[in-house]
Structure formats: structure tokens, C-alpha cells
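Residue-level structural notes
Now for the letters of each chain:
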Amino acid sequence: MARVDTKLSSTAPPTTVPSTERRRVDLRKAINAVSDVVQNRPRPLRIFDQIHMKTGDMVLQSEMIADWADGKRLAFIGDGDAISVCVAYLRAREVLNFGPLHITVFDFDERTVEAVKNFADRERIANLDARLYNVLDPMEPDKLFDCFYTNPPWGASNNGESVNVFVERGMEATGHVGEGVVVIADDDELEWPKRVLASVQGFAARHGFYVSRMQRKLHEYHLDDAPDLKSCNLYLTALPGNRAAAPSAAITDTLRLENFYGLSQRPTVRYVRAKRRLDYGVAHEDEYELELLSHDRE
Ligand SMILES: C[S@@+](CC[C@H](N)C(=O)[O-])C[C@H]1O[C@@H](n2cnc3c(N)ncnc32)[C@H](O)[C@@H]1O
């Protein structure tokens, strides 16, 4: 398929024939739609490696993922960035004339799950939903997905094992026969991202997947201690006839869970619970107080 030159991004050609001819993307509409999503996104919890992708990169990433998953059932294994919502919303708003058939987000943060559901409800996006789920629990979807997407904790302190846990759940969500996009660190100057990339590629190969494509150094993050650190899209595809070696099971192996969210940060939390429903786009009462003009004090 020759890619139309009107696309937002300039990526390598996709491997599947698109269901529709790609229409020119209105950049202003695309950015404003992603801005609506960012307004609705819960603030990141750094202790769980929630670090948000920058907005410009979200626009490009959403278009690429909508293209890759066109007409498919897509599972997000964790999605603090809200790429899932952008992908669904760009399609619903007709900014894109292609995109996944259905999207489900699996995340252990109830704030994220509620934000996705509330947005889908408000914007009447019927093909977007979310489920509270911890990756340490077995993955048992009601129906199998065609593909998965994950931007996991990047595994800087455990040689990528936390990435592998999220990837494993993604593979299970597709019944080990689909495709996945893994968003992980990509930096030529640092050692650990190279080790993580090698570890994830090895893990994929041991589970009957191969690296079908890699888009290098694509995204930047709101990461104050490493503002230049970028991530790549690593595409994994199942080998023909691939099968699960065993049914999905809880992950309890303490060695696998060491340094999961960074040095000495093993998982101890099943769910992050939302205390109250917040409108993330406006200032909260506990952020400020009002000092009145003198005539209004009397
Ligand atoms: C760890 S962050 C990685 C950074 C990424 N840019 C983001 O903020 O989404 C990815 C997502 O994984 C979720 N997550 C973290 N630990 C999880 C767990 N044990 N089970 C399920 N989801 C988890 C987070 O809530 C977040 O939404």
C-alpha cells in the first residue's frame, strides 16, 4: 500500500491494507482534540512511573496507532498517557477516518479507568472502555484482542523485567497470536535502555513473537530528571501458529518483581483508588484561597 502523502507522520509503510483511503488530517483539529483529552487526564504518580508523554508527540503517536490498529480490537495494558482516548476520540470526531474497532484500557489506577469511562460517556464514544486491572493478576479478557499497546514502567533498574511483565499480559490478551506495540526508552548515550531493548526482544522471541518494526527516538516526556530521554515504538508480531506455553497466572516470583518501579520499588499496591471525582481541567479548591477586596470584607 502506498501511504498517502497527506498523513500527519512520516513513518515506515504499514504492513496491512487500510480499510479506507486515508483522508488529509486537519492538524489544528487534531491538536485541539488531543488537548481535550489532556485536560481530562489524571495527574501522574511518579512512584508508579507514571510520566506523561508530551502533547505534540501524543498527536503523532495517536495517528500512528490508529493507522496500525485500523479495524482491530486493541487492548491497552496501562495507559496513563491516554493515547487510547486520543485514538478513539480522533476517530469519533472524524479527524481521522480510520482507527480501531474497539479499545479497552486495563489499568490499576482507578483515576485513569474513571477518566477513560467518563470521557467515553460524555463524548458518546461507544467503542472505548476501561477495566481496573493489575498486571500481577492473570489476564482473562472476555474476548480476545487482535493487538495490544503498552507504555510500561521502563525497567531501568531490573533489566526490563517490568516491561516484560506488561508485554506478557499484552500477548495473553491477544491469545498469543496478535501484534503489539511496546513504548520504551531509546537512547544512544545511556546503557540501560539498550539492555532493556535487548531483554524485551529476547523475551518476545522466547514467547513466539518477533520484532516486525521499530520506530526510534520518537517521543519526549514531562520527566524533570531526564528531559531528553526519548522512547521508541517496538512492534512485536506473533509467529504463525504461535501458542501460549501455559494459561495466564498470577505473577508472584519475587525475583521478577524486584525494582519493578525503580530501585527498591517492588509492587505492593493492588489498585490506586480514586478518592473523589475531580475535574482535572480546572483548579481544585485546595490549591488556592481567596483574599477579598477590603470593601467586601465588611
Ligand atoms: C507505568 S506508566 C508508564 C509511563 C507512561 N508514559 C504513562 O504515564 O502511561 C503506564 C501505566 O501503567 C499503569 N500501571 C502501573 N503499574 C501497574 C500495574 N501493576 N498494573 C496495571 N497497570 C499499572 C499506570 O497506572 C500507568 O497508567
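In case you missed it, the structure is sitting above this.
Below you will find a few notes about this structure. Model, not experiment: these values are computed from the prediction.

Around the ligand there are 23 residues in total, and Gly78, Gly80, Phe108, Asp109 and Val135 lie nearest to it. Per-class residue counts for the shell around the ligand are eleven nonpolar, seven polar and five charged.

Turning our eyes to something else, we now look at the sheet that holds strand β3 (residues 128-132). One open sheet accounts for seven strands, arranged β3-β2-β1-β4-β5-β7-β6; its pairing is mixed. Edge positions in the sheet fall to β3 and β6 (209-219), since each of these pairs with one other strand and no more. The mean inter-strand angle of the sheet, taken between neighbouring strand axes irrespective of direction, is 20 degrees. Contacts from helix α2 (residues 55-68) reach β4 (147-150), β5 (179-186) and β6 within the one sheet, and its direction differs from that of β6 by about 155 degrees.

So, about the pairing of β4. Covered by surrounding structure in β4 are Cys147 and Tyr149 together with Phe148 and Thr150, the residues of both alternating faces. Two elements, β4 and β5, share four bridges in a ladder whose sense is parallel. Residue Phe148 lies in a different strand from β5, and its bridge partner there is Gly180.

The next subject is unusual backbone geometry. One non-glycine residue, Arg124, lies in the positive phi region at around 50 degrees. Structurally, Arg124 is set in the loop between α4 (110-122) and β3. Residues other than glycine seldom take positive phi values, yet Asn259 does so here, at roughly 55 degrees. As for its placement among the helices and strands, Asn259 is situated in the loop between α7 (254-257) and α8 (294-297).

Here is what the cut-offs are and how they apply
- Sequence positions are assigned chain by chain, starting from 1 and proceeding in written order.
- Local features in this predicted model are restricted to residues whose pLDDT is 70 or higher, and side-chain atom pairs enter the listing and the counts only when it is 80 or higher, whereas totals over whole chains, interfaces and linings include all residues.
- We call a residue near a molecule or strand when the C-beta position, derived from backbone atoms, sits within 6 Å of it.
- Each residue receives one of three labels: charged for Asp, Glu, Lys and Arg, nonpolar for Ala, Val, Leu, Ile, Met, Phe, Trp, Tyr, Cys and Pro, and polar for the others, Gly being one of them.
- For two strands to pair, DSSP has to find at least two bridges joining them.
- Strands are runs of DSSP state E lasting at least two residues, helices are runs of H or I lasting at least four, and both sets are numbered from the N terminus onward.
- Here the axes come from fitting lines to C-alpha atoms, over the contacting stretch only for helices, and the angles between their N-to-C directions go from 0 to 180 degrees.
- By the convention adopted here, residues make contact when the C-beta atoms placed from their backbones lie within 7 Å.
- The burial label depends on the number of other C-beta atoms within 10 Å of a residue's C-beta. Counts of 20 or more mean buried, 12 or fewer mean exposed, and intermediate counts mean partly exposed, with C-beta atoms placed from the backbone.

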